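Read off the chains here:
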Amino acid sequence: MRFVSVPAGMFIMGSPVAEAYRDASELQHQVTISQPFYLQTTEVTVSQWRAVMGRRFFGRKRGTDDMPVVRVSWQDCQNFIDKLNRMTGDRYRLPTEAEWEYAARAGSTTAYFWGNQIDCSRAMYANNPMKYDQCVGYNRHQGLAPGQPAPVAHYAPNAWGLYDMHGNVWEWCEDFFNRYSGVSRVDPCRTDSGKDRVRRGGSWFGPGYACRSANRAYGHPMSRMQNTGFRLVMVQPDPPSRTDPSN
């Protein structure tokens, strides 16, 4: 797994009222990310999942090694993280919803990190021959099979070196899904109430507008969906406390 350092900073979370396909749950508000954090550059892949969980836990999570692992529930992600933490002695977790959107935007204020319009060359979406099929022909020409995601890092990264923040597969976040309060927040993470967990980013299965930076979705934490995976935050250890030399 590769990680990049995402700098601390402030951003406006949510979407402006004029943004196309905006949902009422995307109420804009100021959010401060008070500390830098390390975010995985890609979604967790099939090979990474297998290396941690083994073949016994692989089940229907098929695909080539560099494909994002899917059909993993939010709870499956927690089990993966617990095992990875024990294996490595390090600490990993899911990103909060605020961290996810902040990282996806990478300093941008538009619907997508590159602007307000999306096309098939920018991200994996609408690769669903049964419904949203606008990109099926283009993807075939690129050697990408219909009805599934692309290998991770197939498309250009954003300004912070993060791949597939728009499209490919939805990504689980730590938070319960709730409406925004509209007030300024510092390092928000909604884990106190709710039944559904946040998913972000859109996927190969659906339309391009679902891939917007501000778009929000959710799922039951035990649901295993063919269009949903995850990526990790690597938690940095606290620096050792300094000893007062006068003591």
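Residues numbered from 1 in each chain as written. Predicted model: local features only at pLDDT ≥ 70, side-chain atom pairs only at ≥ 80, totals over all residues. Heavy atoms only, no water.

## Some remarks on unusual backbone geometry
Excluding glycine, a negative phi dihedral is what most residues carry, and trans is how most peptide bonds are arranged. Positioned with a positive phi, Ala153 is a non-glycine residue whose angle comes to about 65°. Counting through the fold element by element, Ala153 comes out in the loop between helix H4 (136-141) and strand E6 (170-176). Here Asn168, not a glycine, exhibits a phi torsion of approximately 75°, which is positive. Note that Asn168 resides in the loop between H4 and E6. (Helix = DSSP H or I, 4+ residues; strand = E, 2+ residues; numbered from the N terminus.)

## A short note on the sheet that holds strand E1 (residues 3-6)
The strand order across the open sheet built from four strands is E1-E4-E11-E5, with neighbouring strands paired in antiparallel fashion. On the outer flanks of this sheet lie E1 and strand E5 (91-93), each paired with one strand and no other. The sheet shows a mean angle of 35° between the axes of neighbouring strands, taken without regard to direction. Inspection of the sheet shows strand E4 (residues 37-40) paired to strand E11 (residues 233-235) by two bridges, in the antiparallel sense. When the sheet's bridge partners are listed, Leu39 is paired in E11 with Val233. (Pairing = 2+ DSSP bridges. Axes fitted to C-alpha atoms, helices over the stretch in contact; angles between N-to-C directions.)

## Considerations on the side chain of Arg216
Within the secondary structure, Arg216 sits in the loop between strand E8 (197-200) and strand E9 (217-219). In this structure the side chain of Arg216 is engaged in a polar contact, spanning 3.3 Å, whose partner is the backbone oxygen of Ser25. Of note is the side chain of Arg216, whose polar atom sits 3.1 Å from the side chain of Tyr180. Sequence-distant contacts of Arg216, that is, excluding residues within four places in its chain, are made with Ser25, Glu26, Glu97, Phe177, Asn178, Arg179, Tyr180, Arg199 and Arg200. (Polar contact = N/O pair within 3.5 Å; in protein donor to acceptor, adjacent residues only side chain to side chain. Contact = heavy atoms within 4.5 Å.)

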